[in-house]
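# Secondary and tertiary structure notes
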Amino acid sequence: MSSTLGSGGFGDRPRAYDPAAPLTPTGNLRRRQIFSKFTEYLATAAAIGAIAVLVIVIYAVVQHGIDAISWDFITKSAPEGVAPALVGSAVIVGIATLIATPLGVLIALYLNEYAGRRAASFVSLTMDVMNGLPAIIVGLFFFTFMVNQKGTLGLGQAGWIAGLALSIIMVPLIARGTQGVLRLIPKSQSEAADALGVARWRTVLSVILPSALGGILTVTILSIARAAGETAPLLLLTSNGDISRVVLNPFEALASGPTRIYTLSEEANPAGFTEAWGLSLLFISFILFASLGARALLARSKRKTSS
Amino acid sequence: MNLPPSRVRIRTDQPAVPSSANGTGSVALPDAVTTSAEAHWDTPPEVVFDSREVSVFYGAKQALAGVNLGIRRGQITALIGPSGCGKTTFLRSLNRMNDSVPDFRIEGEILYHGHDIYGGNVDQVEVRRRIGMVFQKPNPFPKSIYDNIAWAPRNLGMRSGLSERVEKALRGAALWDEVKDRLKDSALGLSGGQQQRLCIARAIAIEPDVLLLDEPASALDPIATGAIEDLMHSLKGRFTIVIVTHNMQQAARVADRTAFFSLETGGEKPVGSLIEFDDTERIFSSPRDPRTRDYVTGRFG
Amino acid sequence: MSSAATPAAPRAARRRDWRRRGDRFGDAALYAICAAAALLGAAVLILIAYEVVEGARPAIDKFGLSFVTGSEWKPTEQFNVFGAGSLLYGTLLSSFFALLLGAPIAISIGLFLSMLAPKAVRNVVSPLVEMLAAIPTVILGFWGVLILAPFVKSTIEPALHDTVGFIPLFGEPQTTGLSVFTASLILTIMIIPIISSVSRDLFMSVPRDMQDGASALGATRWEVIRGVVLPTTASGVVAASLLGLGRALGEAIAVAQVIGAGSEINIDLFKTGDTLAARIASQFPGALTELHQASLYYCAVLLLVIGVAANLIASWIGRRFSYAGGQVR
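Each chain has its residues counted from 1, running along the sequence as written. All chains are assigned letters beginning at A, and all ligands numbers beginning at 1, according to the order in which they are written. With the structure being a predicted model, the display of local features is reserved for residues of pLDDT at least 70 and the display and counting of side-chain atom pairs for 80 or more, all residues being used for whole-chain, interface and lining totals.

### Considerations on the overall build of chain B
Each helix is a run of H or I in the DSSP string that is no shorter than four residues. Each strand is a run of E no shorter than two, and both are numbered from the N terminus. Within chain B, the regular secondary structure consists of ten helices and twelve strands. Partitioning the intrachain contacts of chain B with sequence separation of at least 6 by distance along the chain shows that 68% fall at a separation of at least 24. Contact between two residues is assigned when their C-beta atoms, built from the backbone, lie within 7 Å.

### Section: the overall build of chain C
Of the regular secondary structure elements, chain C holds eleven helices and two strands. Walking chain C from its N terminus toward its C terminus, one meets helices and strands in the order α-α-β-β-α-α-α-α-α-α-α-α-α. What you see for chain C is a C-alpha radius of gyration of 27 Å, clearly larger than the 20 Å of a compact globule of 329 residues, by over 25%. Counting contacts in chain C only where the partners sit at least 6 residues apart, residues at least 24 apart contribute 76% of the total. Throughout, radius of gyration means the C-alpha value; the globule benchmark is 2.2 Å times the number of residues raised to the power 0.38.

### Re the domain arrangement of chain C
All names here are of chain C. Here the limits of each domain have been adopted from an automatic or database domain assignment. Domain boundaries assigned for chain C yield domain 1 (10-63) and domain 2 (68-320). Taking only C-alpha atoms into account, the centre of domain 1 sits 36 Å from that of domain 2. Contacts between the two partners involve eleven residues from domain 1 and, on the opposite side, eleven residues from domain 2. For this classification, Asp, Glu, Lys and Arg are treated as charged, while Ala, Val, Leu, Ile, Met, Phe, Trp, Tyr, Cys and Pro are nonpolar and the rest, including Gly, are polar. Across the side of domain 1 that touches domain 2, the residue classes break down as eight nonpolar, one polar and two charged.

### Remarks on the confidence of the model for chain B
All names here are of chain B. Per residue, pLDDT captures the predictor's confidence, and it can take any value from 0 to 100. Here chain B averages 82 in pLDDT, while 84% of its residues score no lower than 70. Of all helices and strands in chain B, the one with the weakest mean pLDDT is strand β1 (residues 9-10) (40), whereas helix α3 (residues 145-155) scores best (95). Long-range and interchain partners of residues 1-40, a stretch whose pLDDT sits below 50, account for 54 contacts in this model, where long-range means more than four residues apart.

### Side note on the sheet that holds strand β8 (residues 131-134) of chain B
All names here are of chain B. With mixed pairing, the ten strands of this open sheet are ordered in space as β7-β6-β3-β4-β12-β11-β5-β10-β9-β8. Of all strands in the sheet, those with a lone pairing partner are β7 (115-116) and β8, marking the two edges. Here, any two strands with at least 2 DSSP bridges between them count as paired. Pairing between strand β5 (residues 76-80) and strand β10 (residues 240-244): four bridges, direction parallel. Bridge assignment links A78 to a residue of β10, and that residue is I243.

### What about the packing of helix α7 (residues 208-215) of chain C against helix α8 (residues 221-250) of chain C?
Packed helices, taken two at a time, are described by the angle their axes make and the gap between the axes. All names here are of chain C. Note on geometry: axes are lines fitted to C-alpha atoms, helical ones only across the stretch in contact, with angles between N-to-C directions running from 0 to 180 degrees. Closest axis-to-axis distance for the α7/α8 pair is 10 Å, and the angle between their directions is 140°. The angle between α7 and α8 places the two elements in the oblique class. Viewed along their axes, α7 and α8 form a crossing whose handedness is right-handed. When α7 is examined against α8, the residues M210, Q211, A214 and S215 are found in contact with a partner set consisting of V224, G227, V228 and V229. Each angle receives one of four descriptions, namely roughly parallel if under 35 degrees, roughly antiparallel if over 145, roughly perpendicular if within 65 to 115, and oblique otherwise. Note on convention: the crossing is left-handed when the near helix lies turned anticlockwise from the far helix by less than a right angle, right-handed when the turn is clockwise.

### Looking at the nonpolar core
Here, a nonpolar core means buried Ala, Val, Leu, Ile, Met, Phe, Trp, Tyr and Cys residues linked by C-beta atoms lying within 7 Å of one another. Exposed residues have 12 or fewer other C-beta atoms within 10 Å of their own C-beta, buried residues have 20 or more, and partly exposed residues fall in between, where C-beta atoms are placed from the backbone. Counting 277 residues, the largest nonpolar core has A:I137, A:F142, C:A252, C:I280, C:A281 and C:A300 as its most contacted members. Looking at which domains feed residues into this core, each of domain 1 (10-63) and domain 2 (68-320) of chain C gives three or more. When neighbours within four sequence positions are excluded, C:I280 is seen to be in contact with A:I136, A:L140, C:A252, C:L296, C:C299 and C:A300.

### Looking at the interface of chain C and chain B
Listed as interface residues are 19 residues of chain C and, on the opposing side, 21 residues of chain B. Among the elements of the structure, α7 and α8 of chain C are those that each provide at least two residues to the side of chain C that touches chain B. Top element by residues in the side of chain C that touches chain B is α7(C). It accounts for five residues.

### A few points about the interface of chain C and chain A
Every contact between the two is made by 65 residues of chain C and, on the other side, 66 residues of chain A. Ranked by the residues each element gives to the side of chain C that touches chain A, the list is headed by helix α1 (residues 9-63) of chain C, at 18 residues. Considered class by class, the residues forming the side of chain C that touches chain A number 48 nonpolar, 13 polar and four charged.

### Section: the packing of helix α10 (residues 276-283) of chain C against helix α11 (residues 290-320) of chain C
Residues and elements named next belong to chain C. In contact at an axis separation of 9 Å, α10 and α11 are set at 150° when each is read in the N-to-C sense. Between α10 and α11, the angle is such that the two are roughly antiparallel. Seen from above, α10 lies across α11 with left-handed handedness. The segment α10 lies against α11, with L276, A277, R279, I280 and Q283 engaging L296, C299, A300, L302 and L303. Considering only residue class, the contact of α10 with α11 consists of eight nonpolar, one polar and one charged.

### Comments concerning helix α3 (residues 85-116) of chain C
An α-helix turns once every 3.6 residues. As a result, residues three or four positions apart point the same way. Residue and element names in this part refer to chain C. For α3, with 32 residues, the first-to-last C-alpha span of 45 Å sits near the 46 Å given by 1.5 Å per residue. Of all the bends in α3, the greatest reaches close to 30° and is centred on G102; the proline P104 follows between one and four positions later. Buried residues dominate α3, accounting for 25 of its 32 residues. The length a helix should cover is 1.5 Å for every residue beyond the first. The bend reported for a residue corresponds to the angle between axes fitted to the seven residues ending at that residue and the seven starting there.

### Comments concerning the environment of A:V219
Residues and elements named next belong to chain A. Inspection of the secondary structure assignment puts V219 in helix α8 (residues 200-228). As a C-alpha pair, V219 and G156 span 63 residues in sequence and 32 Å in three-dimensional space. Look past the residues within four positions of V219 in its chain and what remains in contact with it is I174, G177, T178 and V181.

### Quick notes on α7(C)
Of all the positions in α7(C), only C:Q211, C:G213, C:A214 and C:S215 are classed as buried. Residues of α7(C) that are buried sit in contact with α2 (124-130) of chain B together with α8 of chain C.

### Some remarks on the environment of B:L235
All names here are of chain B. Along the chain, L235 turns up in helix α7 (residues 222-235). Since 20 C-beta atoms lie within 10 Å of it, L235 is described here as buried. Expressed as a C-alpha distance, the spacing of L235 and G172, which sit 63 residues apart in the sequence, is 7.3 Å. Each residue touching L235, except ones within four places of it in the same chain, is listed here: G172, L211 and I241.

### Here's the deal with unusual backbone geometry
All names here are of chain B. In the Ramachandran plot, E53 falls in the positive-phi region, its phi being about 50° despite a non-glycine side chain. In this structure E53 comes out as exposed when scored by C-beta crowding, with 11 C-beta atoms within 10 Å. Here the phi dihedral of H113 falls at roughly 50°; this positive angle occurs in a residue that is not glycine. Relative to the elements of secondary structure, H113 occurs in the loop between β6 (104-112) and β7. For H113, a count of 23 C-beta atoms within 10 Å puts it in the buried group.

### Considerations on the pairing of β8(B)
Residues and elements named next belong to chain B. The two faces of β8 match: I131 and M133 on one face and G132 and V134 on the other face are all buried. As paired elements, β8 and strand β9 (residues 210-214) share four bridges and run parallel to each other. Among the inter-strand pairings, M133 is bridged to a residue of β9, identified as L212.

### Quick notes on the confidence of the model for chain C
Caution applies to low-pLDDT parts of the model: their predicted coordinates are not meant to be read in detail. Residue and element names in this part refer to chain C. Here chain C averages 86 in pLDDT, and 94% of its residues register 70 or above. The least confident element of chain C is strand β2 (residues 81-82), whose mean pLDDT is 77; the most confident is helix α6 (residues 180-204), at 95. Taken together, the stretch residues 323-329 has pLDDT below 50 and engages in 13 contacts with residues farther than four places along the chain or on a different chain. This complex was scored by the predictor with a pTM of 0.86 and an ipTM of 0.89.

### So, the pairing of β5(B)
All names here are of chain B. Here β5 lies mainly inside the structure; five of its five residues are buried. Residue alternation in β5 divides its side chains into two sets, I76, A78 and I80 and T77 and L79, and both sets are buried. Where β5 lies against strand β11 (residues 257-264), four bridges are found, and the strand directions are parallel. From the neighbouring strand, L79 faces β11, where its bridge partner is A259.

### Describing the environment of C:A37
Mapping C:A37 onto the fold places it in helix α1. Apart from residues lying up to four places away in sequence, C:A37 is in contact with A:L103, A:L106, A:I107 and A:Y110.

This is how it looks when you write it as structure tokens:
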């Protein structure tokens, strides 16, 4: 077969390669392909590394914590069990959710329905800053403002104050997430309602919010998973929680899982470590379960709105 | 150079095909002939692309059925037909740009200079190095004009004489005079027509063997379109050009050979097929197939 | 609404009037409630800043700006002198080291998920990487104390010291693995998911036709990434990294558990250290004197300034340099 080396693309000299040659790499392509493959391996290794760390940590928690788990462990108080910490965390996170969810949804509604460009960017900025606030500072604030006897309100330690602090952490997550959900709702629904002369507030309550409910639920669950693991604010606001009995009253200091784990990890007592591993296992299980479940819900609702 | 007479008449400027060349490098370099006299061939130029019973599937859906087509060196081959009949799919299959489309499957063979493009030892990147493509919507990189053109040659290791290469590419794309004073400016500041010519310059800068053009002027105004068409005349011969166009007049003005694709509704679902493939004059003046006649006379599509 | 009266219309008309007034009220009320919620957010932020600064006032009055550089920290009644220099140093050292380690890894993961992995793999690996962020930091720190730190002490420190020990960062292996280095490793684990998910989304948003244009020029996959994908997303990736940095700067609990609460400024990563956030977490509950407490508030003020600054810069970059045809070199 005759080669087709002719005048090159510019008509001055032949092409640097033979177009009729087999389609294997010419020129410097072999080297470039090797390098490209190498970078692909690096990227894959990075991903595998991240998953490996996840597996290692979870495996360690399961391996060390599984022995501590028993019915007594979950239902009894110190020294056999950690029920006060579990219940305390549940109460605190529950209060935080009750405060943060309406606030977050309202802020998202404001951003989506009412805010002009300048107001929207101001409020978005507020949410960004709130999201980036170190949790320890949130705790410090509520300590000064509410708990410290010599502070502004001087109320002493209480579970509901810890809930309030966690809600500050949850609100930006719920607001941003809900905003995303609201944006997915096709405008045609509210436009149709407007065309029929329905008042804005009726449209929001009866058309928009119901459509967004699934997404809001998902976002809330994810925020709960996040708040359940927060330690810093609780350390300052409810560290005196009683671990020897289950307390439901939010006006008292409540025991909580994360603070218990922290305290035990700082003590040099190996006997306490088992309890800490057990608590860790319980909390990680809840959080991972909630996260995965929420994401599955999100995937399903995305498929529904896009169909 | 005296060329033997022939019955087949081919339009305008066309440099001579080298009469013989061997792989070890001594080649009879032709003059870049620009006579207005007709050039005659008694053997047509060699086949660059030989498509044999090529069918394309996206998952279960068949987009193209049994395309048999031969594209010859140095010519401009146009692929025309109504939208959705598979011409762009076929074009993109020629340089393996469909590989990244999910569930893409191809049957049959596409032979490039006798080598199966989808064969085992084939390097996809090498394929695209030899077979360049210009897209429908201009897609310059957010870099300077110079860097847009110089990017690919730099990758290929062509670092010496880079400025000359960039200039030749811009001249080849008829853009040099307009941008020679502002090579460092962002390419995104050019007009649509200029951006498309930039994309053409970018493609020819690495001297591919073939240029595939996917409706290059459809996003441009008539004046810019005219500039692109003039460009193609000056590029052919040095490059083998395959152009997809939905503009029949453009195909008539520019192409040596034209392939008419359409949707065949014979089976249960419509599938893109090659209806007729011939010299452009024949396709437009006396097509053999009634479907071709209907299309080129504007009865449908 | 026309007022063409038909018999029995007056009662219906009154009902319509009430309904309209109710609607207007409802609209106004909803707007007011939403706006109030939004304003509440801003108000809380201002309040937080105010209270923290107020709490720091005794220390600000006593030490002024020398607090930032001074590195003596003696909480007992006898000395009662404080300086956050070593804390500031530890904060910046551990966070920037974590960023140095974590950002390239996270960006690589982002590239893997967006450009290399088939859809099925992406749908599994993405949530797994994000799950890394869901692990409570106290549990990560606990694992760090009991498992990572001994491993660092026994394996990583000697290995690093033997190979690159000429760099003063990697000194002699210490007795425990509790160190700035271990803290940085934990911080790296924490910030990788943040940077990688944002990067992944950024890379996936690079227009397909621009990538096709680069591929069509005979470029390898890496060349497409290096020439088109990375340059167009550069500012977004920087913003994402700053978000990660902000997260690392503010982490108190996990760092407090593994950093060993040292008080000196060392270049050696293997020695103990402390950060602003960790010092607050470890010493505030047991603060001895008023000045001690006020100094911890002062630390909080410093932390607030750098943390919010990192966040604001990230937002500003994200807003200013969005990829809408910006010139990229």
